[in-house]
Amino acid sequence: MTPDLMEEGARRSGAYARMASRDKTESGGRAAGFGRPVVPGEVDVTHGRILYLEDVTVSFDGFRAIDKLSLDIAPGELRCIIGPNGAGKTTMMDIITGKTRPDSGSVFFGSTIDLLRYKEAEIAQLGIGRKFQKPTVFEHLTVYENLELALKTDKRVPASIFFRPDSEASDRLAQMVRSIHLADSVERLAGNLSHGQKQWLEIGMLLMQDPKLLLLDEPVAGMTDEETERTAELFLSLKGQHSLMVVEHDMSFIKTISEKVTVLHEGAVLAEGTLEQVQSNERVIEVYLGR
Ligand SMILES: Nc1ncnc2c1ncn2[C@@H]1O[C@H](COP(=O)(O)OP(=O)(O)O)[C@@H](O)[C@H]1O
Ligand SMILES: [Mg+2]
């Protein structure tokens, strides 16, 4: 869930006071960057890249979790990232979304937006959505209310739209519940959904904000086979409209959705290509698939 959405949802659910105090700085002010507005600009993809990382390095207490990592994603691409535990996949997403600052290197959104100059909440508003491993939905709100809330945090939608019942907003909501397979559950409390359904709902909430780039960390972990298949369908339908970066361990899922696969190992790219190519790569077999 994005920081602006967290804020909106907490406000709505009455937990705002609790959450605001949690985010107080030592001096009693609000944490910098929390919900700070940024005018969303166009992302310049004329060079064929919506995201690129170059020579990114980050160390935690002397341990290099990311080690001169370079990688780029084309607009509309669905990129799969695989790699053993500890390879740095989540840390890479932390760097892209501004949660972790690298020690060196560059991270650009399009050709012109230097992400290292923005805070986490601003990066979300620039159009980079992130799905963490654990589903984070507002459990005591209905499916519909969760999605409506997410739509509200889309800064391009005029507030007045919510006063017209048969507006563009309700069309978007109706379409979304269908694509995330929750059309029959709109009035259900999110807390009563299955794990897989919660994951879909959160993906739907991110999509309501119309991100240009969506980062998904192990989205099908804990899903049933059927839920996994439906998630694959959903991702394939998103390709082209959004750029997606999907970290997953489930190889049959990767096989269904992947074009280009990047293998991370020890904080750097070990191999890149089709799933077949990387699976037959000697170094990949050695460090990862053969274990
Ligand atoms: N905040 C942190 N402090 C210390 N070490 C960390 C931190 N975040 C990640 N690491 C370490 O960095 C390495 C990469 O972790 P991670 O990005 O979570 O890997 P992956 O998602 O590929 O399993 C691991 O060895 C992990 O223990
Ligand atoms: Mg991880």
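Bear in mind the structure is a predicted one, so any value in this text is a computation, not a measurement.

Analysis parameters
- Residues numbered from 1 in each chain as written.
- Chains lettered and ligands numbered in written order.
- Predicted model: local features only at pLDDT ≥ 70, side-chain atom pairs only at ≥ 80, totals over all residues.
- Pairing = 2+ DSSP bridges.
- Helix = DSSP H or I, 4+ residues; strand = E, 2+ residues; numbered from the N terminus.
- Near = placed C-beta within 6 Å.
- Nonpolar A, V, L, I, M, F, W, Y, C, P; charged D, E, K, R; others polar.
- pLDDT = per-residue confidence, 0-100.
- Contact = placed C-beta atoms within 7 Å.
- Axes fitted to C-alpha atoms, helices over the stretch in contact; angles between N-to-C directions.
- Buried ≥ 20, exposed ≤ 12 C-beta atoms within 10 Å, placed from the backbone.
- Expected span 1.5 Å × (residues − 1).
- Arc of directions from axis to C-beta.

**Quick notes on the pairing of strand β4 (residues 104-109)**
Two elements, strand β1 (residues 51-60) and β4, share five bridges in a ladder whose sense is antiparallel. If you follow Leu51 over to β4, its bridge partner there is Phe109. Across two bridges, the pairing between β4 and strand β5 (residues 113-114) is antiparallel. Of the residues in β5, the one forming a bridge with Phe109 is Ile113. Between β4 and the antiparallel strand that follows it, β5, lie three residues; Gly110 among them carries a positive phi value of about 65 degrees.

**Looking at the site of ligand 1**
Residues in contact with ligand 1, as listed here, are Phe60, Ala65, Gly83, Asn85, Gly86, Ala87, Gly88, Lys89, Thr90 and Thr91. Looking at the shell around ligand 1, its residues break down into three nonpolar, six polar and one charged.

**Some thoughts on the confidence of the model for the protein chain**
Per-chain confidence: the protein chain averages 85 in pLDDT, with 80% of residues scoring 70 or above. Every residue in residues 15-39 is under pLDDT 50, and counting partners more than four places away or in other chains gives 27 contacts.

**Comments concerning the sheet that holds β1**
Here four strands make up an open sheet; going across it, the order is β2-β1-β4-β5 and the pairing antiparallel. Every other strand in the sheet has two partners, leaving β2 (63-73) and β5 as the edge strands with one partner each. Sheet topology places β1 next to β2; seven bridges connect them, and they run antiparallel. Each bridged residue has a counterpart across the sheet, and for Ser59 the counterpart in β2 is Arg64. Sheet strands touched by helix α3 (residues 89-96): β1, β2 and β4. Its angle to β2, the strand with the most contacts, is close to 65 degrees.

**Section: the sheet that holds strand β9 (residues 261-265)**
Spatially, six strands are ordered β6-β7-β8-β3-β9-β10 in an open sheet, and the strand pairing comes out mixed. Two strands bound the open sheet, and with one partner strand each, they are β6 (128-131) and β10 (268-273). For this sheet, the mean angle separating the axes of adjacent strands, direction not counted, is 20 degrees. Judged from the five bridges that link them, β9 and β10 form a sheet pairing that is antiparallel. The partner of Val261 across the bridge, within β10, is Gly273. With respect to the sheet, α3 is in contact with β3 (78-82), β6, β7 (213-217), β8 (243-247) and β9, its orientation differing from that of β7 by roughly 150 degrees.

**As for α3**
Counting buried residues in α3 gives seven out of eight residues, a clear majority hidden from the surface. One or two positions beyond α3, positive phi appears at Gly98, with a value near 85 degrees.

**Focus: helix α6 (residues 168-179)**
Taking 1.5 Å per residue as the helical rise, α6 with its 12 residues ought to reach 16 Å, and the 17 Å between its terminal C-alpha atoms agrees with that figure. Residues of α6 that are buried: Ala169, Leu173, Met176 and Val177. The buried side chains of α6 occupy one side of the element, clustering within an arc of 95 degrees when seen end-on. Looking at α6, the residues exposed on the side facing more than 90 degrees away from the buried face are Glu168, Asp171, Gln175 and Arg178. Elements in contact with the buried residues of α6: α5 (143-152) and α7 (195-208).

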